[in-house]
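So you can see what is in the structure, the chains are spelled out below.
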Amino acid sequence: MKIKAMILAVAGLSFFSATAVQAADTNTEHMTCQEFINLNPKAMLPVAFWMLNDKTTYKGGDTVDLQETNNIAIPQVIDLCKKHPQNKLYDFKNEIHDLLKK
């Protein structure tokens, strides 16, 4: 009985350790376009919003708003990522910002 409990505990810890490592590797800063395309569509908006507003200094405290990200940025990011799936998602940050300024 104790052996079964020990095996289950070790298996559980191994699972949680592997999950923590995967979570650390899937940071948006290192995310590839292919990983972005493979996301659940409901997860694309928060990822794109984070990417577009991360480490960005705007005059007057402006940011890219959520609706603008959803309606304009995500389709553009998807198009760029489908053309260049091996690129990092952050590679297109400036290009998307330029599109949003128009």
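Counting from 1, residues in each chain are numbered in the order their sequence is written. Local features in this predicted model are restricted to residues of pLDDT 70 or higher, and side-chain atom pairs are both shown and tallied only at a pLDDT of 80 or more, whereas totals for entire chains, interfaces and linings draw on every residue. Note that water and hydrogens are dropped before the side-chain values are worked out from all heavy atoms of the structure.

The protein has the name Acid stress chaperone HdeB in an unreviewed UniProt entry, where Tatumella punctata is given as its organism. UniProt positions are given in the numbering used here, feature names are shortened, and annotations may be inferred rather than shown by experiment. Under the heading Subcellular location (unreviewed entry), UniProt records this for the protein: "Periplasm". UniProt's Function (unreviewed entry) comment on the protein is quoted here verbatim: "Required for optimal acid stress protection, which is important for survival of enteric bacteria in the acidic environment of the host stomach. Exhibits a chaperone-like activity at acidic pH by preventing the aggregation of many different periplasmic proteins."

A. Representation of the state of the cysteines. Cysteine sulfur atoms that pair up within 2.5 Å are treated as a disulfide. Summed over the entire model, instances satisfying the criterion amount to one disulfide. Here Cys 33 connects covalently by a disulfide to Cys 81, the sulfurs 2.4 Å from one another. With the S-S dihedral at roughly -50°, the linkage between Cys 33 and Cys 81 falls on the left-handed side. Remark: Cys 81 occurs in helix H4 (residues 66–83) and Cys 33 occurs in helix H2 (residues 33–37); sequence separation between them is 48 residues. The secondary structure listing takes helices from DSSP runs of H or I that are at least 4 residues long and strands from runs of E that are at least 2 residues long, numbered from the N terminus.

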